[in-house]
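Notes for the structure review
Here are the chains, one letter per residue:
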Amino acid sequence: MNNFEFKNPTKIIFGKDKIANLAKEIPANAKILMLYGGGSIKSNGIYDQVKKSISAFEVVEFGGIPANPEYAVLLEALQIIKTQKITFLLAIGGGSVIDGTKFLSAAAVYEGETPWEILTGGKPILKGMPFGAVLTLPATGSEMNSGFVLTRKETKEKLASGGPALYPQFSILDPQVVSSIPQKQIANGLADAFTHVLEQYMTYPSDSLLQDRFAESILQTLVEVAPAILKNASDYNAASNFMWSCTMALNGLIGQGVPQDWAVHMMGHELTALFGIDHARTLAIIAPSHYRYNIETKKEKLAQYAERVWGVTEGTTEEKAKAGIDKTEDFFHSLGIKTKLSEYTSDYSGTAEIVSKRFTDRGWLGLGEHRKLAPADAAKIIEMSY
Ligand code: NZQ
Ligand code: ZN
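A brief report on the enclosed structure follows. (Residues numbered from 1 in each chain as written. Chains lettered and ligands numbered in written order. Predicted model: local features only at pLDDT ≥ 70, side-chain atom pairs only at ≥ 80, totals over all residues. Heavy atoms only, no water.)

**What to know about the coordination of the zinc ion (ligand 2)**
Using the following cut-off: Water is absent from the atoms considered, so a metal site may look incomplete; donors are defined as N, O and S atoms within 2.8 Å of the metal, or 3.2 Å for Na, K and Ca. In DSSP terms, a helix is any run of H or I states spanning at least four residues, a strand is any run of E spanning at least two, and both are numbered starting from the N terminus. Categorising residues by exposure relies on relative accessible area from a 1.4 Å probe, with only protein chains included: less than 20% of the type maximum marks a residue as buried, more than 50% marks it as exposed, and the intermediate range marks it as partly exposed.
Donor atoms from the polypeptide that bind the zinc ion (ligand 2) are Asp192 (OD), His196 (NE2), His265 (NE2) and His279 (NE2), placed at 2.0 to 2.2 Å. Mapped onto the sequence, the donors of the zinc ion (ligand 2) take the spacing D-x3-H-x68-H-x13-H. Here the residue histidine 196 occupies a position in helix α7 (residues 183-199), and histidine 265 occupies one in helix α10 (residues 263-275), the gap between them amounting to 69 residues. Grouping residues by exposure puts histidine 196 and histidine 265 together as buried.

**Here's the deal with the site of ligand 1**
Short version of the rule: When at least one non-hydrogen atom of a residue lies within 4 Å of a molecule or strand, that residue is treated as near it. Polar contacts here mean pairs of N or O atoms no more than 3.5 Å apart (in protein, one a potential hydrogen donor and the other a potential acceptor; neighbouring residues in sequence count only if both atoms are side-chain atoms). Each accessible area is a Shrake-Rupley result for a 1.4 Å probe, and residues are judged covered by the shown protein chains and nothing else. Residue type decides the class: Asp, Glu, Lys and Arg count as charged, Ala, Val, Leu, Ile, Met, Phe, Trp, Tyr, Cys and Pro as nonpolar, and the leftover types, Gly among them, as polar. These domain boundaries are the output of an automatic or database domain assignment.
Around ligand 1, the surrounding shell holds 33 residues, and the nearest of these are Gly38, Ser40, Gly95, Ser96 and Lys158. In this structure, glycine 95 approaches ligand 1 through a main-chain N or O atom, which is 2.7 Å from an oxygen atom. Between ligand 1 and serine 180, the relevant distance is 2.8 Å, taken from a nitrogen atom to a side-chain nitrogen or oxygen of the residue. Protein burial of ligand 1: of its 960 Å² of free accessible surface, 87% is covered by the chains. Here the residues of the shell around ligand 1 are counted per class, giving 10 nonpolar, 20 polar and three charged. Taken domain by domain, the shell around ligand 1 gets at least three of its residues from each of domain 1 (11-176) and domain 2 (182-384).

**Some words on empty space enclosed by the protein**
Rolling a probe over the atoms, with the probe sized like a water molecule, indicates the empty space that remains. Spelled out, the test is: A pocket here means an open set of points on a 1 Å grid, computed over the protein atoms alone, that has protein on both sides within 12 Å along at least five of seven lines. A cavity is instead a set of points where a 1.4 Å probe fits but cannot get out; residues with an atom within 4 Å of a point line either one. Grid points are joined across faces, edges and corners, and a volume is the space filled by probe spheres set on the points.
Counted according to the given criterion, the structure contains one cavity of 30 Å³ or more. One number sums up the size of the largest cavity: a volume of about 60 Å³. Of the residues forming the lining of the largest cavity, the biggest block, three residues, is contributed by helix α8 (residues 209-231). For the lining of the largest cavity, a count of residues per class yields six nonpolar, four polar and two charged.

**Focus on unusual backbone geometry**
Unusually for a residue other than glycine, lysine 156 sits at a positive phi of about 50 degrees. Residue placement: lysine 156 occurs in the loop between β6 (147-152) and β7 (157-162). Relative accessible area serves as the criterion here: at 43%, lysine 156 is assigned to the partly exposed category. Phi angles above zero are rare outside glycine, and aspartate 207 is one such case at about 55 degrees. Since its relative accessible area comes to 66%, aspartate 207 is described here as exposed.

**Side note on the packing of aromatic side chains**
What characterises a pair of aromatic rings is the spacing of the ring centres plus the angle enclosed by the ring planes. What counts, and what does not: Put simply, two rings from Phe, Tyr or Trp (the six-membered ring, in Trp's case) pair if the centres are within 6.5 Å, and we call them stacked under 30 degrees between planes, edge-to-face over 60, tilted for the rest. For a Lys NZ or an Arg CZ to count as sitting over a ring, it must be within 6 Å of the ring centre and within 35 degrees of the ring normal.
Across all of its chains, the model carries 13 aromatic pairs by this definition. Three or more aromatic residues link up through ring pairs in this structure, and these residues are Tyr71, Phe103, Trp116 and Phe148. The side chain of lysine 16 reaches across the aromatic face of tyrosine 236, ending 4.4 Å from its centre. Over the ring of tryptophan 116 we find arginine 152, and its NZ or CZ is 5.0 Å from the ring centre.

**What to know about the environment of leucine 22**
Basically, it comes down to this: In this description, contact between two residues means that some pair of their heavy atoms is separated by no more than 4.5 Å.
With respect to the helices and strands, the residue leucine 22 is situated in helix α1 (residues 22-25). Overall, leucine 22 belongs to the buried group, its relative accessible area being 0%. Sequence separation between leucine 22 and glycine 257 is 235 residues; the distance between their C-alpha atoms is 34 Å. In this structure, leucine 22 is in contact with Val50, Ser53, Ile54, Leu90, Val134, Phe170 and Ile172, ignoring residues within four places of it in sequence.

**Some thoughts on the layout of surface pockets**
Taken as a whole, the second largest pocket holds about 280 Å³ of empty space. Lining of the second largest pocket is provided by 13 residues; of these, Tyr110, Ile118, Lys123, Pro124 and Ile125 occupy positions nearest its centre. In the lining of the second largest pocket, the residues fall into seven nonpolar, two polar and four charged.

Worth remembering: the numbers are spatial, not functional.
Structure representation (structure tokens):
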């Protein structure tokens, strides 16, 4: 096991009707900017619950943050923060709204020339305006981590950043919010969280027994709960397990002391930037090819995963590893998620070369847990995903 230091300061307030507790978590006299997405919170009642809870505060609203939060839209919110002297940010949404809020937290106190540098500077964010979140869509884990991903349509870029200042002060997780989520987004949440675990697990054995079991238990829980939550989004028990699994998949805990990969996300982000494909679906496109391409270096963990998560007991290590990859792809299909790029766009030819050039230009010359996956390897993996 590698050395590690772990601190996650986000307070989680989990459970039925917990949105009513929101006001207690916000500093007295705060001037709040309430941020949300395209309007789902207005039709499912979450907006009313939040407004009621924070009625004693001075609140300014900013709605319309799109899925894959867009830089240009967030700059409008930044303007409001500055002109209206906002002191606290409140995100009501899924990963996109929470990520957008994290960017704003950093941008509000940023002293450099242009806030896009926050994404390209390669430096951890150490200062930010305080913020909290009400999670409306389990998927990304953004509610309990310090990372964020922003899209810039103008340049077809999607880049990640983050740092210790960007943990939410609190996040409210009421599983009842799941009842209004369309099936497609629930499937996305399951696939995204599943892949978050894989990125921190599907590497090489590192004698990190507890982290392995944490990871496998989250994967098993997602597999177990998927049919129930897809069948009935109002199933509170299924929603609770789904929600907490998504948070635990990417709040830092399972990744401590272990090698991590993240190449699937790096390639996936490019597919969203180029084609607008939902984040989780890009992962389902890339992951099977990534594991097939890297089977030599990942086969021990793939076989362990096949055995422990999918109950594959027959065959050699390599055969089990291959079965594990097939099971993963089957799992995505069982969620109604297609796993080939050509099933999402007819415009895919040349994608491999574009992405590999972008990685080269950015100096991303060695991805994966061994830092050996060159842009040319990424091109081959993407081609396998066509
Ligand atoms: O915009 P509204 O109208 O609110 O609708 C949203 C949106 O269209 C809808 N929705 C959310 N909660 C709902 C609901 N509809 C009905 N009922 C509810 N309760 O769902 C749609 C998708 O929302 P979005 O926030 O975009 O989804 P998700 O949570 O999957 O976030 C995706 C973004 O997070 C980034 C992704 O790259 C992508 O930009 N990620 C962030 C990570 C992080 N911060 O750690 C890690 C991830 O790997 C990921 O990259
Ligand atoms: Zn993800």
